[in-house]
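Structural characterization, general
In case you want the letters, here they are:
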Amino acid sequence: MGSTLFAVLLPIALALIMFGLGLTLTTEDFRRVLRYPRAAVVALVCQMVVLPAVCLGLIFLFGLTGALAAGMMLLAASPGGPSANLFSHLAGGNVALNITLRAVNSVLAVFTLPLVLALSFRLFLPDAESIGLRPDKFAQVFAIVLVPVAIGMVVHHRRTAFAERMRGKVKVLSIGVLALVVTAAVAKNFATLTENIGPLAAVCLVFAVLSLGVGYFVPKALDVAEDQAVASAMEIGIHNGAIAIAVAATVLVNDTMAVPGAVYGVLMNIPAAAAAYLMARRARRRAAEPARAV
């Protein structure tokens, strides 16, 4: 099952996930950057610059090497995951900002992913052929990340009622497909996982916690509104492990690089759920303060 899924079903699975994202997007979601310029710029800089640097530090701290280290960097460069909207909603975040950040970051990832991977290969896989800026690899990343999103947006524009009816079903199906992809990635690389489970699980958990922290506290320090900081935390803290797995297995043809994305896809739900609970409780407490004062 593993070989067949990774060769055929994995690209289809990711295409479904990204198509589902496209069904929720309109051009207004991109223009919304102008409505939240500070929050959008801060979040995108954190996502594209700060988090790869944080991830690189954790790799050296926990002693990851080779393809696993490169796979962590690939994960760090991936845009937000499909469950970020749900966690943001539960935490009282600005879900519209989540949608905008994911839309913009999905476009930018086509350019930033090859750059981060080129650095990763130079540092951790110097004898391997890097994705770099090779046109064929760039085209594959573009096809995996953006083409299904664009198709979903076209469907939304031309068949709005159909898109509205389908997007909830596609979202549920996407989450199920994502779980299947993560499970298959773990099963296919079980030996590698068991040999490195300690440091890899630690890196993934710490990285998830730091991603959530950076996504929340950096915007707050720069006077971003509370609900926008919550949205930023969830969008930055929940990476799209499916993209990392798909790029590793299909574009780079390196299954070992897919393992960090699979491990993170499971473990990130723990700190994300805890953060959503704490942020929601904080929001309820803040909402109750005026009532007490009266």
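Above this text sits the structure in question.
Quick caveat: nothing in here was measured; it's all calculated off a predicted structure. (Residues numbered from 1 in each chain as written. Predicted model: local features only at pLDDT ≥ 70, side-chain atom pairs only at ≥ 80, totals over all residues. Heavy atoms only, no water.)

1. What about the overall build of the protein?
Scanning the protein from N- to C-terminus turns up 14 helices and zero strands. Helices and strands appear in the protein in the N-to-C order α-α-α-α-α-α-α-α-α-α-α-α-α-α. Buried positions account for 52% of the 294 residues belonging to the protein. Counting every atom, the protein has about 12800 Å² of accessible surface; 69% of that belongs to carbon and sulfur. (Helix = DSSP H or I, 4+ residues; strand = E, 2+ residues; numbered from the N terminus. Buried < 20%, exposed > 50% of the residue type's maximum accessible area, 1.4 Å probe, protein only. Areas by Shrake-Rupley, 256 points an atom, 1.4 Å probe, with all protein chains shown as cover.)

2. Details of unusual backbone geometry
Here the phi dihedral of aspartate 223 falls at roughly 65°; this positive angle occurs in a residue that is not glycine. For aspartate 223, the location among the structural elements is in the loop between α10 (190-221) and α11 (226-237).

3. Some remarks on helix α4 (residues 66-77)
Taking 1.5 Å per residue, 12 residues should reach 16 Å; α4 reaches 17 Å between its end C-alpha atoms and fits that length. For α4, the set of buried residues is Gly66, Ala67, Leu68, Ala69, Ala70, Gly71, Met72, Met73, Leu74, Leu75, Ala76 and Ala77. The inward-facing, buried residues of α4 contact α3 (37-62), α6 (95-124), α10, α12 (241-251) and α13 (259-267). (Expected span 1.5 Å × (residues − 1). Contact = heavy atoms within 4.5 Å.)

4. Some remarks on the packing of aromatic side chains
Ring pairs (aromatic) are described by centroid distance and by the angle formed between their planes. Within the structure shown, the criterion is met by three aromatic pairs. Ring centres of tyrosine 216 and phenylalanine 217 lie 5.0 Å apart, and the angle between their planes is 85°; this geometry places the pair in the edge-to-face category. Owing to a relative accessible area of 56%, phenylalanine 217 belongs among the exposed residues under this scheme. A cation over a ring is seen here: arginine 159 above phenylalanine 162, with NZ or CZ 5.4 Å from the ring centre. (Phe/Tyr/Trp six-rings, centres within 6.5 Å; stacked < 30°, edge-to-face > 60°. Lys NZ or Arg CZ within 6 Å of the ring centre and 35° of its normal.)

5. Observations regarding the side chain of serine 78
The residue serine 78 is located in the loop between α4 and α5 (84-91) in this model. Its relative accessible area of 0% is what places serine 78 among the buried residues.

6. Regarding the pattern of salt bridges
Enumeration over the complete set of coordinates arrives at three salt bridges. For arginine 102, the salt bridge goes to glutamate 235, with nearest N and O atoms at 2.9 Å. Linking arginine 102 in helix α6 with glutamate 235 in helix α11, this pair joins segments that are 133 residues apart in sequence. Neither residue differs from the other here; arginine 102 and glutamate 235 are each classed as buried. (Salt bridge = Lys/Arg side-chain N within 4 Å of Asp/Glu carboxyl O.)

7. Concerning the packing of α10 against α11
Contact pair α10 / α11: the axes reach a minimum separation of 7 Å and the direction vectors enclose 155°. Here α10 lies roughly antiparallel to α11, going by the angle between them. The chirality of how α10 crosses α11 is right-handed. Touching Ala208, Ser211, Leu212, Gly215, Tyr216, Pro219 and Lys220 of α10 are Glu226, Ala229, Val230, Ser232, Ala233, Met234, Ile236 and Gly237, all from α11. (Axes fitted to C-alpha atoms, helices over the stretch in contact; angles between N-to-C directions. Parallel < 35°, antiparallel > 145°, perpendicular 65-115°, else oblique. Left-handed = near helix turned anticlockwise from the far one by under 90°.)

8. Section: the environment of isoleucine 17
With respect to the helices and strands, the residue isoleucine 17 is situated in helix α1 (residues 2-23). Between the C-alpha atoms of isoleucine 17 and alanine 242, which are 225 residues apart in sequence, the distance is 8.5 Å.

9. Describing the nonpolar core
One finds Met72, Leu200, Met234 and Met257 to be the most contacted residues of the largest nonpolar core, which totals 90 residues. Excluding its chain neighbours within four sequence positions, the residues that come into contact with methionine 234 are Ala84, Phe87, Ser88, Ala91, Asn98, Leu212, Ala272, Ala275, Ala276 and Met279. (Core = buried A, V, L, I, M, F, W, Y, C linked by side-chain atoms within 4.5 Å.)

10. Examining the side chain of glutamine 47
With respect to the secondary-structure elements, glutamine 47 resides in helix α3. Those residues in contact with glutamine 47, other than ones at most four positions away along the chain, are Pro52, Ala76, Ser78, Pro79, Gly80, Asn105, Glu235, Ile236 and His239.

11. Regarding a nonpolar patch on the surface
On the surface, Val41, Val45 and Val49 cluster together into a nonpolar patch covering about 250 Å² of accessible area. Position of valine 41 among the secondary structure elements: in helix α3. (Patch = residues over 30% accessible without salt bridge, like charges linked within 9 Å, V, L, I, M, F, W, Y side chains within 5 Å.)

12. What to know about α5
What α5 keeps buried is the set Ala84, Asn85, Phe87, Ser88 and Ala91. The buried residues of α5 occupy one face: seen down the axis, they fall within an arc of 165°. Of the residues one or two after α5, glycine 92 is the one with positive phi, at around 85°. (Arc of directions from axis to C-beta.)

13. Quick word on the packing of α6 against α11
For the pair α6 and α11, interaxial distance at closest approach is 9 Å and the crossing angle is 45°. Between α6 and α11, the crossing angle belongs to the class labelled oblique. By crossing handedness, the relation of α6 to α11 is classed as right-handed. Only Gln228, Ala231, Ser232, Met234 and Glu235 of α11 make contact with α6, whose side of the interface consists of Leu97, Asn98, Leu101 and Arg102. In terms of residue class, the contact of α6 with α11 is built from four nonpolar, three polar and two charged. (Nonpolar A, V, L, I, M, F, W, Y, C, P; charged D, E, K, R; others polar.)

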